[in-house]
Amino acid sequence: MFSKERGLGWKTQPEGYGDSNDYSTLRKLSVPGAFYDSVEIQMPLEPLPEAHGPIVSALTSWCRSSQSADKVLWLYGPPESGKSAISHTIAECFRGSKLAGSFFFCCSDSERNNTQSFIATLSYQMTLAIPATKRFVVQAISRDSSIFSKPMDVQAECLIFRPLKKCRRWFMFSSWPKIMVIDGLDECYDVKEQVSVLRILQAAIREKVPLRFLLSSQVNPHIRDAFDNTDLLLYSRRIGLDGFQKDREHIRSFFRKGFAEILRKHQQLGTMVGVPKAWPPPYVLEKLSFASWGNTIYATTVLKYVDSTDSLPTEQLDLALSIKNSNSFTPFGELDLMYKQVISSAGNIDRAMKVLRALFVLKGRTPPSELEILLGMGPGELDLLLLDLRSVLNLHKPDGTEPGYITFHHASFPEFLLDQSRSGEFYVNVGHGHSELTMHCIRLMKRSLEEHKMFAFQYTALDKCLCYAVIHWPDHLLSSAKHIELLDIIENWDMSQWGRAIISSRIFSMEPLMRITEALSSSYDKNCSKEYSDALAQHASRSIDKVFTTFLDEHQDIAPTLIPMVTFSIPNGHPDYALRDITKSKKTILWLDTLMQLARFQSFQDFVASPIRSGRYFCGPESHSRAFIMLLNYIRSPVLYAFHSLEDDEAFDYAISTAAFHLKFAAPSEELIAYLEDVLNNSDLFPDSWCLEELYRPNFRKLITRYLKVNVKGSTV
């Protein structure tokens, strides 16, 4: 249970306790944006509606009760019914007391629309709320460092359930936090992942884990089925918000206020002069209220659609009313038709769909000015499209000074786009979105990398877009769907242009460069013939070889000598600082740093190991010969001993440690043989240091003598 550490004596903390590297891993893998109090989760700006008071009271009583048999409380309701605001209120109410953790899903946030970090996030919060669990969580990670790549139920057992059960057995656990809040489960994109979360709740019930869960979501079929047909049926409670929003009078009032504001604004603009104050008439309000099914988001979308700046609101309202729903008994039927009408009204539907697909696959938040460049659109073209789609998209500006980024007005719109049975011709295929963005990234690099003084950065929108393309096009390629045009673009592109940009900039990670050949091969095996896939991989390999050769040509005088030093992993070798001193050239420092980064990757090692691919940079016996001579010259340099101590000299340590390795593989060239014989014929191997002479001369003479006997016929040394 206790261990001894060198130079530190005995540890006084139990094993696994404390802020270890394993705990740091857990902290890094958690998603702070999913915490109830994160900046990403907007606080309710207004008090909850008075009608929600009984709901909050019931939830508060359930959280405080220690006797309730209901281990899960399901808060359900339609979009915009206040579920997240209520969940946030409960989490805020019990912070520091009953709250053990929270996870707020969000469909428009790439970290919160999946369950990749769901368990890590809850486990990390649990260790903060219940410190005694930390040691057991850290021990679980220490025992199996691959735990975060295991199925979610395994992660839950090791990182939440088991630590809690151990704490309950060993400590007074009755007053500790036991509530976990999971909000917006339906905003997790993958239905299978939603089902996995529900199974974890069932497992917690079966294993009698001392936790209770407040879960909120829409009434999706698979979620309702889980509560109707599993352990959740007996051990859960349900509270619905349907009644509040299905009150048509509430929606009618919402419409009435919205239309009054539109009329007032447009009468001031002079576009609705003469329109009666009672516009629209009561029967229209009734029709729209009935069509909304109590859904505020439908009402909001209609009002945004009618409030047009380039069309008369009266005409826009007539278009909205003309929509016919073939299935008027479907809660989303009218909303889906409204969404279809919005997209159909765009001036350029193809461009609108391209923008929508891009919003699903972009890495990070991209301002409109940069998205316009990435998608190859003309200046101002995206602004016009945003006007057409203003009822479903927002231009979000956090502080008013940033350029902002585009977000969906409500989660129901991306859900509509991703469900082909609802969106039909407007269905968004995410794989095709990745394909399109890959092509746009390549076209941008082909067009701009050569002519643009990249990395002399003024950091314009073009600079940022080029950075995005250089870094992310391989990621989009890996997720792309089959697309013949994309295959042709890659085949006819000199990929070395991209590789040179990565290496010459010295600010980008080289990881994409190293894995692009593998990415091409694996990504297209399923989408095209094996022969075509292999041809693309070979094309990429030739391009990368060209990049390596061009880079090594910058210092072709010393590159062949240094390649074996940086490519092979040698015990006690410290090439990062050592080679800077050994080469004795300040001009090569940045180049040498890049060379050492390249040498870590298998792609570069394969390149220098092939005489056909690398040519004069082949890492063969001749290279080892030159490396040995350079190292021994450095060791014997008089300047080395004249000015400083060798005790902490990493370059000297590296040279002494690795010279024998290179001599072992060195070719017996005339230059090397003459050099070795000269060293042996000198009375002193280290002429300026009697100490080194005593320490190293016998071993070096033995090493050189053995090499000459093996490689030089008739040698008498």
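For the structure itself, consult the block above.
These numbers were taken from a predicted model, which means no experiment stands behind them. (Residues numbered from 1 in each chain as written. Predicted model: local features only at pLDDT ≥ 70, side-chain atom pairs only at ≥ 80, totals over all residues. Heavy atoms only, no water.)

Student: Explain the overall build of the protein to me, and be specific about the residues and the numbers.
Tutor: Within the protein one finds 35 helices and nine strands. A burial count over the protein gives 52% of its 717 residues as buried. Within the protein, counting contacts between residues at least 6 apart in sequence, those at least 24 apart form 73% of the total. Carbon and sulfur atoms provide 52% of the accessible area of the protein, an area that totals close to 34,600 Å². (Helix = DSSP H or I, 4+ residues; strand = E, 2+ residues; numbered from the N terminus. Buried < 20%, exposed > 50% of the residue type's maximum accessible area, 1.4 Å probe, protein only. Contact = heavy atoms within 4.5 Å. Areas by Shrake-Rupley, 256 points an atom, 1.4 Å probe, with all protein chains shown as cover.)

Student: Could you give an account of the pattern of salt bridges, naming the residues involved and the relevant values?
Tutor: Applying the stated rule across the entire model yields 14 salt bridges. Where glutamate 92 meets arginine 95, a salt bridge forms, and the shortest distance between an N and an O atom there is 3.3 Å. (Salt bridge = Lys/Arg side-chain N within 4 Å of Asp/Glu carboxyl O.)

Student: Can you lay out the sheet that holds strand 6 (residues 212–217) for me, pointing to particular residues and giving the numbers?
Tutor: Strand order across the open sheet formed by five strands is 4-5-6-3-7, with parallel pairing between neighbours. At either margin of the open sheet sits one strand with a lone partner, and together these are strand 4 (99–104) and strand 7 (236–240). Within the sheet, the average angular offset between the axes of one strand and its neighbour, ignoring direction, is 15 degrees. Relative to strand 5 (residues 179–183), strand 4 runs parallel, the two being bridged by five bridges. (Pairing = 2+ DSSP bridges. Axes fitted to C-alpha atoms, helices over the stretch in contact; angles between N-to-C directions.)

Student: Lay out the packing of helix 26 (residues 559–567) against helix 28 (residues 589–598) with the relevant residues and their values.
Tutor: In contact at an axis separation of 10 Å, helix 26 and helix 28 are set at 45 degrees when each is read in the N-to-C sense. With respect to helix 28, the axis of helix 26 lies oblique. Helix 26 and helix 28 meet at a crossing whose hand is right-handed. Of the residues in helix 28, those in contact with Ala559, Leu562 and Val566 of helix 26 are Trp591, Leu592, Leu595 and Met596. The residue inventory of the contact of helix 26 with helix 28, partitioned by class, reads seven nonpolar, no polar and no charged. (Parallel < 35°, antiparallel > 145°, perpendicular 65-115°, else oblique. Left-handed = near helix turned anticlockwise from the far one by under 90°. Nonpolar A, V, L, I, M, F, W, Y, C, P; charged D, E, K, R; others polar.)

Student: Quick rundown of the environment of leucine 466? Include the residues and the values.
Tutor: The topology assignment puts leucine 466 in helix 21 (residues 461–478). Measuring from C-alpha to C-alpha, the distance between leucine 466 and leucine 374 comes to 8.4 Å, with 92 residues separating the pair along the chain.

Student: Give a description of the environment of alanine 132 that names residues and reports values.
Tutor: By the secondary structure assignment, alanine 132 is in the loop between helix 4 (118–129) and helix 5 (134–143). We classify alanine 132 as buried; its relative accessible area is 18%. Between the C-alpha atom of alanine 132 and that of proline 163, which follows or precedes it by 31 residues, the distance is 8.7 Å.

Student: With reference to specific residues and values, describe the side chain of aspartate 186.
Tutor: As for its placement among the helices and strands, aspartate 186 is situated in the loop between strand 5 and helix 7 (191–206). Among buried Asp, Glu, Lys and Arg side chains, aspartate 186 stands out as unpaired, with lysine 83 the closest opposite charge at 5.5 Å. Polar contacts involving the side chain of aspartate 186 include one to the main-chain amide nitrogen of glutamine 218, which spans 2.9 Å. Dropping the residues within four chain positions of it, aspartate 186 is found in contact with Gln194, Ser217, Gln218, Asn220 and Glu415. (Lys, Arg positive; Asp, Glu negative; His and termini not counted. Polar contact = N/O pair within 3.5 Å; in protein donor to acceptor, adjacent residues only side chain to side chain.)

Student: Provide a residue-level description of the packing of aromatic side chains, including the pertinent values.
Tutor: Tallied over the entire structure, the rule returns 21 aromatic pairs. Ring geometry for tyrosine 189 and phenylalanine 360: centres 6.3 Å apart, planes at 45 degrees, overall tilted. Residue tyrosine 189 is located in the loop between strand 5 and helix 7, and its partner phenylalanine 360 is located in helix 15 (residues 349–361); the two are separated by 171 residues in the primary sequence. Overall, tyrosine 189 belongs to the partly exposed group, its relative accessible area being 33%. Site record: aromatic cluster; members linked through ring pairs are Tyr189, Tyr339, Phe360, Phe408, Phe413 and Phe416. (Phe/Tyr/Trp six-rings, centres within 6.5 Å; stacked < 30°, edge-to-face > 60°.)

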